[in-house]
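Fold and contact review
One letter stands for each residue in the lines below.
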Amino acid sequence: MNKYVIGIDFGTDSCRALLVDVITGEELASDVEFYPRWKKGLYCDPAINQYRQHPLDYMESMELAVRRTLSQCPEGTAEKVVGIAIDTTGSTPVLLDKSGMPLSLLPEYSDNPNAMFVLWKDHTAVKEAGEINDLSKRWETDFTAYSGSIYSAEWVWAKMLHLLRVDPSIRKSAYSWVEHCDWMPALLTGNILPENIRRSRCAAGHKAMWCEKWGGLPSSDFLTTLDPLLDIFKGHLYQSTYTSDACAGYLSEEWAVRLGLPIQVAVGVGALDCHMGAVGAGISEKTFVRVMGTSTCDVMVASYDEIKNSQISGICGQVDGSVIPGMVGLEAGQSAFGDVYAWFKDMLLWPLKNILPSVYNEEEAENIVRLLDRRILPSLTEEARKIPVSESIPVSVDWLNGRRTPDANQNVTGLISGLTLGTSAPLLFKSLVEATAFGSKSIVDCFLKQQVKIESITAIGGISLKSPFVMQTLANVLNMPIKVARSEQACALGAAMFAAVAAGVYSRIEEAQQIMGKGFATQYDPDEDIHHQYLPLYQKYLDLGHFIETRL
């Protein structure tokens, strides 16, 4: 009998569901649903780097995505689904009450951004991250040692402390916190009590300073020394974590009905999107996987023999089992990648969005803006690809949303140098694309300098499939070939692979990868001559970055 699994991928803007045959690996159907409140810009304030998402966006979009995926299939398909697994962005945590309910699902906090999930790219907790780093370096145990030795404002402890500090109204109900990738499986299985949730090894190790070496999460003494407010969580969190091949439970009756599935469906332990995406792309040792979207997340796995007792500095963590159980997962990335191009496009669209409505009627103005919104980046790309590297001036720095790797720092900002009256929009766009490629090279160099071997590069995500110009620029700057994974939904596919293991169809994730993997769509080979032309520009990029940091 056919058996199917569903991988659910919660991205920054939308939820994707993918139905896969566990025996053939065929992707039978999929659906993408955008978060309605997020799409309207609710609860966010970009001016202060505040990005919040309402749990109802997740719940409603998941229900629609799964049901619409199943609706594309023959009758009886749902009864053959044996497993579900989920990946999400991260660190995207939320405060919980005693019952395990996100505070924003309580009537008194329904419109309070501080009671909602704090999206990965929310940078309101820069001050708190700095305090965590300062205390860690003075403490008897450096709890950041396996987090690249620097704790980020994008991660859970900084975010939760910031919320408690700025909003006293939520303290009376705050009891615990949970990552998005942990709460969704708990919700589906009906096990949302904070003490009962099976917590992801992936999220805990990379974002919450969890490590077996010191017995789990940072000690209560450390946390309350950081701020007595953190005593709220004492005894309400966890010390044990689970890799994503484990089963978190089975669909509750409520969610079986809501999704149109049987209750015997196994639900896997969740993980972060980039880590499951790397699995969906066929990650193996010495492979550098780039998940390329609004930001990038770079993932590797290494054997215990290769890592030994090394502590890789400057990255976003090294965690046993966070990607492939039985191997050490390594994470890095850029805080803005596609977001850099989107920022430039929005800059160019400003006069159209703000002036056209006063010239044309509302419908005509909207149609013009919509048309140009679709055409700006392709047109810029077409012109930018004609410009030789020798004319790549200005040179830019890609830290428009801070820097994730190497050495996380959300205080730094972007920079554009060398502007003249002759600087055109395509030339500036080319500079921004090169900046994101230079940022990528700095990450690769960070690994190589610490003796982490990289023998191949794989790319997944929308940019890798849709922008040959960006991918070729990246290959030329890195001077390495880049293979692009065939699956358009590599993260959801990785989740589906873990669902197959959680359901007992396969005993190891490597087996699921071998059967369900999709291979590669294309490969970008570097031009060595162009690579050498880029080297002095890359050095200028590094010099400009140093200039920014020395003037903070």
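Residues numbered from 1 in each chain as written. Predicted model: local features only at pLDDT ≥ 70, side-chain atom pairs only at ≥ 80, totals over all residues. Heavy atoms only, no water.

Applied cut-off: UniProt positions are given in the numbering used here, feature names are shortened, and annotations may be inferred rather than shown by experiment.
Looking at an unreviewed UniProt entry, one finds the protein named Ribulokinase, with Parabacteroides gordonii MS-1 = DSM 23371 as its source organism. For the protein, the Sequence similarities (unreviewed entry) comment in UniProt is given as "Belongs to the ribulokinase family." According to the UniProt record, the Catalytic activity (unreviewed entry) comment for the protein reads "L-ribulose + ATP = L-ribulose 5-phosphate + ADP + H(+)".

1. Some words on unusual backbone geometry
The condition that has to hold: The secondary structure listing takes helices from DSSP runs of H or I that are at least 4 residues long and strands from runs of E that are at least 2 residues long, numbered from the N terminus. A simple rule labels every residue: compare its accessible area, found with a 1.4 Å probe on the protein chains alone, to the largest value its type can have, and call it buried under 20%, exposed over 50%, or partly exposed in between.
Cis rather than trans, the peptide bond between Gly90 and Ser91 has omega equal to 5°. The linkage connecting Thr405 with the following residue, Pro406, adopts the cis geometry, with an omega of -10°. Within the secondary structure layout, Pro406 lies in the loop between β16 (395-397) and β17 (415-417). Despite not being glycine, Met209 has its phi angle at roughly 60°, a positive value. One can find Met209 in the loop between α6 (201-207) and α7 (220-226). With relative accessibility at 1%, the residue Met209 sits in the buried group. Look at Lys286: it is not a glycine, yet its phi comes out positive at around 70°. Along the polypeptide, Lys286 turns up in the loop between α9 (273-280) and β12 (287-292).

2. Observations regarding empty space enclosed by the protein
Filter applied, for reference: Site definitions follow a grid-based scheme: protein atoms alone, a 1 Å grid, a 1.4 Å probe that fits but cannot get out for cavities, and for pockets an open set with protein on both sides within 12 Å along at least five of seven lines, plus lining residues having an atom within 4 Å of a point. Grid points are joined across faces, edges and corners, and a volume is the space filled by probe spheres set on the points. Amino acids outside the nonpolar list (Ala, Val, Leu, Ile, Met, Phe, Trp, Tyr, Cys, Pro) and the charged list (Asp, Glu, Lys, Arg) are all regarded as polar, and Gly is one of them.
Enumeration over the complete set of coordinates arrives at one cavity of 30 Å³ or more. Here the largest cavity defines a volume of roughly 30 Å³. What lines the largest cavity is Ser244, Ala271, His275, Met276, Val279, Gly321, Ser322, Val323 and Phe498. Among the elements that line the lining of the largest cavity, the one with the most residues is α9, at three residues. Grouping the amino acids of the lining of the largest cavity by side-chain chemistry returns five nonpolar, four polar and no charged.

3. Let's talk about the environment of Asp21
Stated precisely, the cut-off is as follows: Two N or O atoms form a polar contact when they lie within 3.5 Å of each other; inside protein one atom must be a possible hydrogen donor and the other a possible acceptor, and for residues adjacent in sequence the pair counts only when both atoms belong to side chains.
Structurally, Asp21 is set in strand β2 (residues 14-21). Residue Asp21 is classed as buried on the basis of its relative accessible area of 4%. Taking the C-alpha atoms as reference points, Asp21 and Ala496, 475 residues apart in sequence, are found 9.3 Å from one another. A polar side-chain atom of Asp21 sits 3.2 Å from a polar atom in the side chain of Asn2. Only 3.2 Å separates the side chain of Asp21 from the backbone nitrogen of Thr24, close enough to count as a polar contact.

4. Digging into the environment of Arg370
When you line up the elements, Arg370 lands in helix α12 (residues 362-384). Arg370 gets classed as partly exposed once you look at its relative accessible area, which sits at 42%. For the pair Arg370 and Lys353, spaced 17 residues apart in the sequence, the C-alpha separation amounts to 9.7 Å. A distance of 2.8 Å separates a polar atom in the side chain of Arg370 from a polar atom in the side chain of Asn367.

5. Observations concerning the sheet that holds strand β19 (residues 482-485)
Filter applied, for reference: By this definition, two strands are paired if DSSP reports at least two bridges between them. As a rule, the C-alpha atoms of each element are fitted with a line to give its axis, helices using only the stretch in contact, and angles between N-to-C directions run from 0 to 180 degrees. Residues are treated as being in contact if the distance between any of their heavy atoms lies within 4.5 Å.
With mixed pairing, the seven strands of this open sheet are ordered in space as β14-β15-β13-β12-β18-β19-β20. Unpaired on one side and paired on the other, β14 (318-320) and β20 (520-524) mark the two borders of the sheet. Averaged over all adjacent pairs, the angle separating strand axes in this sheet is 25°, with direction ignored. Where strand β18 (residues 456-460) and β19 come together, three bridges link them in parallel fashion. Pairing of Ala459 across the sheet is with Val484, part of β19. Across the sheet, α9 touches β12, β13 (296-302), β15 (328-334) and β18, and the angle it forms with β13 is around 60°.

6. Observations regarding a nonpolar patch on the surface
The test is simple: Patch criteria: residues need more than 30% relative accessible area and no salt bridge. Like-charged residues are merged within 9 Å; nonpolar side chains of Val, Leu, Ile, Met, Phe, Trp and Tyr are merged within 5 Å. Using a 1.4 Å probe, accessible areas were evaluated by the Shrake-Rupley method; residue-level cover was limited to the displayed protein chains. The salt bridge criterion pairs a side-chain nitrogen of Lys or Arg with a carboxyl oxygen of Asp or Glu, the two atoms within 4 Å.
Taken together, Trp343, Met347, Leu400, Ile416 and Leu419 make up a surface patch of nonpolar side chains, about 440 Å² in accessible area. If you trace the backbone, Trp343 turns up in helix α11 (residues 338-355). Overall, the relative accessible area of 33% leaves Trp343 in the partly exposed class.

7. Examining the packing of aromatic side chains
Quick reminder of the rule: Each pair of aromatic rings taken from Phe, Tyr and Trp, with Trp reduced to its six-membered ring, is defined by centres within 6.5 Å and is described as stacked if the planes are under 30 degrees apart, edge-to-face if over 60, and tilted in the remaining cases.
If you walk through the whole model with that rule in mind, you get 22 aromatic pairs. Judged by centre distance (5.9 Å) and plane angle (45°), the rings of Tyr146 and Trp214 are tilted. Taken together, the positions of Tyr146 in the loop between α3 (126-138) and α4 (156-166) and Trp214 in the loop between α6 and α7 put the pair 68 residues apart, joining distant regions of the chain. Note on Phe288 and Phe447: the rings are 5.9 Å apart at their centroids and 75° apart in plane angle, and the pair reads as edge-to-face. Here the residue Phe288 occupies a position in strand β12, and Phe447 occupies one in helix α13 (residues 425-449), the gap between them amounting to 159 residues. Residue classification places Phe288 among the buried positions, given a relative accessible area of 0%.

8. Notes on the side chain of Lys121
Here Lys121 lies in the loop between β7 (117-118) and α3. If we skip the residues at most four places from it in the chain, Lys121 touches Trp38, Asn49, Tyr51, Asp339 and Asn401.

9. Structural notes on helix α17 (residues 509-516)
Which entries qualify depends on this criterion: By construction, the arc corresponds to the directions joining the helix axis to the C-beta atoms.
Considered for burial, the residues of α17 that qualify are Ile509, Ala512, Gln513 and Met516. Taken around the axis of α17, the buried residues stretch over an arc of 100°, which confines them to a single face. Of the surrounding secondary structure, the elements contacted by the buried residues of α17 are β1 (4-10), β2, α9 and α16 (490-502).

10. Topic: helix α5 (residues 180-189)
The element α5 is extensively covered by neighbouring structure, given that ten of its ten residues are classed as buried. Of the positions making up α5, those classed as buried are His180, Cys181, Asp182, Trp183, Met184, Pro185, Ala186, Leu187, Leu188 and Thr189. Taken from the residues just after α5, Gly190 is the one with a positive phi, measuring 75°.

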